[in-house]
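# Observations on the model geometry
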Amino acid sequence: SAMTEPLDLAALVNAIVRVASKPYVDFIEQLRADGRVSADDIAELNTEIHNQRLILVDLAREELARLRGQQQ
């Protein structure tokens, strides 16, 4: 079953970060649909979200490594 397979922590962290940032992605999409921001603004906001996701993934990996180190 899925519960006995080893957990892919990188995939899990990425999924959590994607889910956590979805409200921001949806908000930007709504701004675009309403014509309230320019294409350049949208590109900049999407880049910002992408960068924040990368930072969060890196921080989560560091925290997991730290926790593993404490368990030994």
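This write-up is about the structure you can find in this document. (Residues numbered from 1 in each chain as written. Predicted model: local features only at pLDDT ≥ 70, side-chain atom pairs only at ≥ 80, totals over all residues. Heavy atoms only, no water.)

This part covers a nonpolar patch on the surface. Together, Leu7, Leu12 and Ile16 line one region of the surface with nonpolar side chains, adding up to about 290 Å² of accessible area. Among the structural elements, Ile16 can be located in helix α1 (residues 9-33). Ile16 sits in the exposed class, given a relative accessible area of 52%. (Patch = residues over 30% accessible without salt bridge, like charges linked within 9 Å, V, L, I, M, F, W, Y side chains within 5 Å. Areas by Shrake-Rupley, 256 points an atom, 1.4 Å probe, with all protein chains shown as cover. Salt bridge = Lys/Arg side-chain N within 4 Å of Asp/Glu carboxyl O. Helix = DSSP H or I, 4+ residues; strand = E, 2+ residues; numbered from the N terminus. Buried < 20%, exposed > 50% of the residue type's maximum accessible area, 1.4 Å probe, protein only.)

According to the stated counting rule, one finds 4 salt bridges in the structure shown. For Glu29, the salt bridge identified is with Arg32, shortest N-O distance 2.5 Å. You can see Glu29 and its partner Arg32 sitting in helix α1, 3 residues apart, about one turn around the helix. Here Glu29 falls in the partly exposed class, since its relative accessible area comes to 39%. Residue classification places Arg32 among the partly exposed residues on the basis of a relative accessible area of 42%.

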